Amino acid sequence: MKVTDLRTTEYHEYYAGYIGKVPKTWTLKKGFDLGKTEVVEFFKTVPSDKLEYRYAENKWTVKEVFQHIIDTERVMGYRCFRMARHDATAMAGFEQDDYIKPSKANQKSMDILVDEYLSVRQSTNALIQSLSYEDLEFVGNANGAAMSSRAVAFMILGHEIWHIDIIKALYL
């Protein structure tokens, strides 16, 4: 299954920018393996003097962006799980900015953040590997909009690419 298999009715237009970042050659399962490697390699190469850098007032640091990627995968992984289990119960949204301060990302080492990311990715990857095509196509409701479990999974992949592109453009 590739990102090109998605129908626009499977996700809210807000997520199109993230989903559009996923390489068209990646299968969903391959993307979770390749994405993991690319994310870890990228964050390990960020210079230490840039880890707590903000390109503007009230913007997140690189560590906070990484924590946001991790937190978002946790939330979206849960959504993917619920939808893949054919749960049609509407799921609330989450306010990403409210998660950063209590995460204490800037107090964590990059090694701790990488370990946390790898742990979350291992869990998400195990879920993705276990799902059937039918499970991945199931459309539930998240944040007031229709969304399939496979659209959520592709959004996770595109979301991390989106943020790495921003870090490259504005932080480094």
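Residues numbered from 1 in each chain as written. Predicted model: local features only at pLDDT ≥ 70, side-chain atom pairs only at ≥ 80, totals over all residues. Heavy atoms only, no water.

Novice: Just to check I follow, could you spell out the environment of Lys101 for this structure?
Specialist: The topology assignment puts Lys101 in helix α4 (residues 96-103). Here Lys101 falls in the exposed class, since its relative accessible area comes to 75%. Remark: the alpha-carbon pair of Lys101 and Arg79, spanning 22 residues in sequence, is separated by 23 Å. (Helix = DSSP H or I, 4+ residues; strand = E, 2+ residues; numbered from the N terminus. Buried < 20%, exposed > 50% of the residue type's maximum accessible area, 1.4 Å probe, protein only.)

Novice: I tried to follow the UniProt feature "domain: DinB-like" (unreviewed entry) in the protein chain on my own but got confused; where do I start?
Specialist: According to UniProt, the "domain: DinB-like" (unreviewed entry) feature falls on residues 37-165. The straight-line gap between the two end C-alpha atoms of residues 37-165 is 16 Å; of that span, 64% is helix and 6% is strand. (UniProt positions renumbered as here; feature names shortened; annotations may be inferred.)

Novice: I'm lost on the packing of aromatic side chains in this one. Help?
Specialist: The geometry of an aromatic ring pair is captured by the separation of the ring centres together with the interplanar angle, meaning the angle of the planes. According to the stated counting rule, one finds 9 aromatic pairs in the structure shown. Between Tyr53 and Tyr171, the ring centres sit 6.0 Å apart and the planes meet at 85°, which makes this aromatic pair edge-to-face. Taken as a pair, Tyr53 in the loop between α2 (28-45) and α3 (62-84) and Tyr171 in the segment after α7 (149-170) lie far apart in primary sequence, 118 residues in all. Given a relative accessible area of 30%, Tyr53 falls into the partly exposed group. In this structure Tyr171 comes out as buried when scored by relative accessible area, which is 4%. An aromatic cluster is defined as three or more aromatic residues linked by ring pairs; in this entry it consists of Tyr14, Tyr15, Tyr18 and Trp162. Above the face of the Tyr53 ring, Lys50 is positioned so that its terminal group lies 4.4 Å from the ring centre. (Phe/Tyr/Trp six-rings, centres within 6.5 Å; stacked < 30°, edge-to-face > 60°. Lys NZ or Arg CZ within 6 Å of the ring centre and 35° of its normal.)

Novice: Would you mind going over the packing of α3 against helix α5 (residues 110-130) with me for this structure?
Specialist: The geometry of a pair of packed helices is captured by two quantities: the angle between their axes and the separation between those axes. Running from N to C, α3 and α5 point in directions that differ by 20°, and their axes come no closer than 10 Å. Between α3 and α5, the angle falls in the class roughly parallel. In terms of crossing hand, the pair formed by α3 and α5 is left-handed. Contact residues: Lys63, Phe66, Gln67, Ile69, Ile70, Glu73, Arg74, Gly77, Cys80 and Phe81 in α3; Met110, Leu113, Val114, Glu116, Tyr117, Val120, Arg121, Thr124, Leu127 and Ile128 in α5. Its residues assigned to classes, the contact of α3 with α5 shows 12 nonpolar, 3 polar and 5 charged. (Axes fitted to C-alpha atoms, helices over the stretch in contact; angles between N-to-C directions. Parallel < 35°, antiparallel > 145°, perpendicular 65-115°, else oblique. Left-handed = near helix turned anticlockwise from the far one by under 90°. Contact = heavy atoms within 4.5 Å. Nonpolar A, V, L, I, M, F, W, Y, C, P; charged D, E, K, R; others polar.)

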